[in-house]
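Structure assessment
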Amino acid sequence: MNLLELVAESKQRLEEAGVSFGHGTTNAADEAAWLVLHALNLQLDTPLGPDDEASKRSVAPEEYAQAATLLGARINTRKPAAYLTREAWLQGVPFYVDERVIVPRSLIAELLVDGGIDYWLLESTHKVLDLCTGNGSLGILAAMVYPDVVVAAADISADALAVARINVDKHAMQERITLVQSDGLNAVHDTFDLILCNPPYVNAQSMAALPAEYKAEPFIALDGNQASGSGDGMDFVRTLLSSVCSKMTEDGVLVLEIGNEREFFEAAFPDLEVVWLETSAGEDQVLLVTYDALQRLQTH
């Protein structure tokens, strides 16, 4: 068996097992390639076309066994592949992950890298807050993209911040990124020019229907129904928007991801003026709101 045949066989096994995707890959072919290449200690960008020499290399019995073991773990545990490989990639940047954090996949990452929010930033933009930082990936990407900023990366979870510390050190960002344990904004004691937030926002009905791969992630990072019991997924966002002005400069902006919950968001905040940002998933998953718009909301 050669490498390409092993990937094809693995793809078939994943399809037959009915696993769910969305934690770095969107289909069985990509997931199979990721798992096989990792198991064989090969670069994840190894070309796998039918005419590529790398695809034709033979697979030794011990390599086949390593790949089969990893694939079996993916199928039997239903854990996202990133938990099994201890690595996730976001905008081409590698990050350490484990079960203490959700697998990073925020659409805010592509907006940072592609310049999708640059229009609303100023030369004076210097302080960034990454709220609900998880493994620290958005804060690290912001520091990479904007070399003149300093970042506070906050999360309620000490476990998540321990993972974020690994990534801050991995990318040598210790001088520019400060980790803060905070329940929302409660322990954040500064004002910021840019706030990034990918909060828990999944509504109650969707939480109940999540595939096993998502249920393997920390519940607190997904469930947006932990306060009011309304079930619309907007509990954290309500608290955030009621007080975030006090943590923003007058020229500041908040970039907020709400996934597939635009209907619930607009129902909860019908009077809030926002800008919906275009991403690879469409124009209804990430929004930007200015300090002025938030001030008007509070005085409405």
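Above this text you will find the structure in question.
Residues numbered from 1 in each chain as written. Predicted model: local features only at pLDDT ≥ 70, side-chain atom pairs only at ≥ 80, totals over all residues. Heavy atoms only, no water.

**Digging into the nonpolar core**
- In terms of nonpolar packing, the biggest core is built from 37 residues, with L129, L240, L241, L254, L256 and F265 touching the most fellow members.
- Breaking this core down by element, the ones donating at least two residues are strand 3 (127-131), strand 4 (150-155), strand 6 (192-197), helix 11 (235-243), strand 7 (248-257), strand 9 (282-290) and helix 13 (291-299).
- The element contributing the most residues to this core is helix 11, with four residues.
- Excluding residues within four positions of it along the chain, F265 makes contact with M234, V237, L241, L256, I258, L272, V274, W276 and L287. (Core = buried A, V, L, I, M, F, W, Y, C linked by side-chain atoms within 4.5 Å. Buried < 20%, exposed > 50% of the residue type's maximum accessible area, 1.4 Å probe, protein only. Helix = DSSP H or I, 4+ residues; strand = E, 2+ residues; numbered from the N terminus. Contact = heavy atoms within 4.5 Å.)

**Description of the packing of helix 2 (residues 28-39) against helix 4 (residues 61-77)**
- Closest axis-to-axis distance for the helix 2/helix 4 pair is 8 Å, and the angle between their directions is 135 degrees. Viewed along their axes, helix 2 and helix 4 adopt a mutual orientation that is oblique. Judged by the twist between their axes, the crossing of helix 2 over helix 4 is right-handed. Listed contacts from helix 4 to E31, L35, H38 and A39 of helix 2 are Q66, A67, L70, L71 and R74. (Axes fitted to C-alpha atoms, helices over the stretch in contact; angles between N-to-C directions. Parallel < 35°, antiparallel > 145°, perpendicular 65-115°, else oblique. Left-handed = near helix turned anticlockwise from the far one by under 90°.)

**Comments concerning the sheet that holds strand 8 (residues 275-279)**
- The strand order across the open sheet formed by seven strands is 5-4-3-6-7-9-8, and the pairing between neighbours is mixed. The open sheet is flanked by strand 5 (177-181) and strand 8, the only strands paired with a single partner. Averaged over all neighbouring strand pairs, the angle between strand axes comes to 25 degrees, with direction disregarded.
- As defined by bridge partners, strand 3 adjoins strand 6 across four bridges and the pair is classed as parallel. From the neighbouring strand, V128 faces strand 6, where its bridge partner is L194. (Pairing = 2+ DSSP bridges.)

**Some details on the packing of aromatic side chains**
- Evaluated as defined, the whole model comprises three aromatic pairs.
- A ring pair is formed by Y119 and W120, whose centres lie 5.1 Å apart and whose planes are at 85 degrees; its orientation type is edge-to-face.
- Classification of Y119 as exposed rests on a relative accessible area of 71%.
- Between F265 and F269, the ring centres sit 5.0 Å apart and the planes meet at 45 degrees, which makes this aromatic pair tilted.
- Residue class for F265 comes out buried when judged on its relative accessible area of 2%. (Phe/Tyr/Trp six-rings, centres within 6.5 Å; stacked < 30°, edge-to-face > 60°.)

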